[in-house]
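Remarks on the overall topology
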Amino acid sequence: MLLRHARSLLFLPASNPRAIAKARSLPCDMVILDLEDSVPDDAKKVALDGAIAALDEGFGGRLAAVRINVEGTPSHGAEMVALKGTAADYVVLPKVEHPKQVRDVFSVAQKPVIAMIESARGVLAAPAIAAGEGCAGLFMGNNDLRKDLGIPPSAGRAGLAHAMQAVVLAARAAGIAVFDGVFNRLEDETGLEAECAEGHHLGFDGKTLIHPSQVTVANQVFGPDAQAVADARRLVEAATGGAERFEGRMIETMHVEEARALIARAEAVRG
């Protein structure tokens, strides 16, 4: 699966063998083995060893990534070195504010990097980060960004809208994937569905998640539905080139390209 086709990207502690084992039975598109926030300082080495062992075993065709600790922390360097040569598809780097941070990880780990945008500086630097060497995608880190901007935890996402759209714009200009931040309320499925829909409408490819129960909703919202795919197939079959009429509307090359992209996404998800 291509990164841009991923709908559900699940964070889980790399120090938790039970969570890792369960992830292999979930319909998530990416598993992100976390070495950062979900792992206490005295368990970093155990988590790294667990991540490498889990990567060796594989995740049944799912994309696999490892979130390492931020630049300047004691374990950052060792984690970069350890991931070189593993089966990780990507390294997730938190708190990115400059393309050099991504370039350094890419050069050491020899893995494409997904940069987390979690601060005002990160948002403003997003175009350079996205276009920089080694950057394969962007994650919104909305919890940290909210704190950095001074937005109360109880507030909605209106105050984040400009930042989120700026990050989407940066990713699209660079031709890379981009994903919405996590939803914290684990028992609020209605709220999760609404936030997924909002992210989808803003242009995000999928959503990062923190609990297995969130996977199904993210897949439903970010995955193309059967009717949309059927419509896309009819459009592609009917198109002859240039501007023309199709089922009561005007289409051109752009619409054919969009339809083909939708079909490709549906086939990737089904596969």
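Here's what I pulled together on the structure shown here.

What counts and what doesn't
Residues numbered from 1 in each chain as written. Predicted model: local features only at pLDDT ≥ 70, side-chain atom pairs only at ≥ 80, totals over all residues. Heavy atoms only, no water. Helix = DSSP H or I, 4+ residues; strand = E, 2+ residues; numbered from the N terminus. Rg over C-alpha atoms; globule rule 2.2 N^0.38 Å. Contact = heavy atoms within 4.5 Å. Areas by Shrake-Rupley, 256 points an atom, 1.4 Å probe, with all protein chains shown as cover. Pairing = 2+ DSSP bridges. Axes fitted to C-alpha atoms, helices over the stretch in contact; angles between N-to-C directions. Buried < 20%, exposed > 50% of the residue type's maximum accessible area, 1.4 Å probe, protein only. Right-handed = clockwise from strand over helix to strand, strands pointing away. Core = buried A, V, L, I, M, F, W, Y, C linked by side-chain atoms within 4.5 Å. Phe/Tyr/Trp six-rings, centres within 6.5 Å; stacked < 30°, edge-to-face > 60°.

Description of the overall build of the protein chain
What the protein chain contains, in helices and strands, is 11 helices and 10 strands. In terms of overall dimensions, the protein chain is globule-like: its C-alpha atoms have a radius of gyration of 19 Å, near the 18 Å expected for 271 residues. Sequence-distant contacts in the protein chain: of pairs separated by 6 or more residues, those separated by 24 or more amount to 63%. On the protein chain, roughly 12,800 Å² of surface is accessible, and the fraction owed to carbon and sulfur atoms is 54%.

Considering the sheet that holds strand 1 (residues 8-13)
If you walk around this closed barrel you meet the 8 strands as 1-2-3-4-5-6-7-8, and the pairing is parallel. Pairs of neighbouring strands in the sheet enclose a mean axial angle of 25 degrees, with direction left out of account.

Describing the pairing of strand 5 (residues 113-117)
With 5 of 5 residues buried, strand 5 is to be regarded as a mostly interior element. With burial as the criterion, each face of strand 5 is covered, one bearing Val-113, Ala-115 and Ile-117 and the other bearing Ile-114 and Met-116. Sheet analysis places strand 4 (residues 90-93) next to strand 5, joined by 3 bridges and oriented parallel. From the neighbouring strand, Leu-93 faces strand 5, where its bridge partner is Ala-115. Following the backbone out of strand 4, through helix 4 (residues 99-109) and into the adjacent parallel strand 5, one traces a crossover that is right-handed. Sheet topology note: the strand 5/strand 6 (residues 135-140) ladder contains 5 bridges and is parallel. Paired with Met-116 across the strands is Phe-139, a residue of strand 6. For the handedness criterion, the β-α-β arrangement of strand 5, helix 5 (residues 120-131) and strand 6 is classed as right-handed.

Some remarks on the environment of Glu-187
Within the secondary structure, Glu-187 sits in the loop between strand 7 (177-180) and helix 8 (189-202). Along the primary structure Glu-187 and Ser-213 are separated by 26 residues, whereas in three dimensions their C-alpha atoms are 8.8 Å apart.

So, the nonpolar core
Judged by nonpolar contacts, the single largest core of 63 residues is most densely connected at Leu-33, Val-66, Ile-68, Ile-129 and Leu-138. If one sorts the elements of this core by residue count, helix 7 (residues 161-174) sits on top with 6 residues. Setting aside anything within four residues of it in sequence, one finds Leu-33 in contact with Leu-12, Ala-14, Ile-20, Ala-51, Ala-54, Leu-55, Phe-59, Ala-65, Val-66 and Arg-67. Counting 17 residues, the second-largest nonpolar core is a separate cluster that includes Leu-3, Ile-32, Leu-63 and Val-92.

Side note on the packing of aromatic side chains
With the rule as written, the count across this model stands at 2 aromatic pairs. When the ring of Phe-11 is compared with that of Phe-139, the centres are 6.2 Å apart and the planes differ by 75 degrees; the resulting orientation is edge-to-face. Highlighted residues: Phe-11 in strand 1 and Phe-139 in strand 6, separated in sequence by 128 residues. Just as Phe-11 is buried, Phe-139 falls in that class too. Measuring from ring centre to ring centre gives 5.8 Å for Phe-139 and Phe-179, while their planes differ by 85 degrees; the resulting arrangement is edge-to-face. Placement of the pair is Phe-139 in strand 6 and Phe-179 in strand 7, with a sequence separation of 40 residues. Phe-139 sits in the buried class, given a relative accessible area of 0%.

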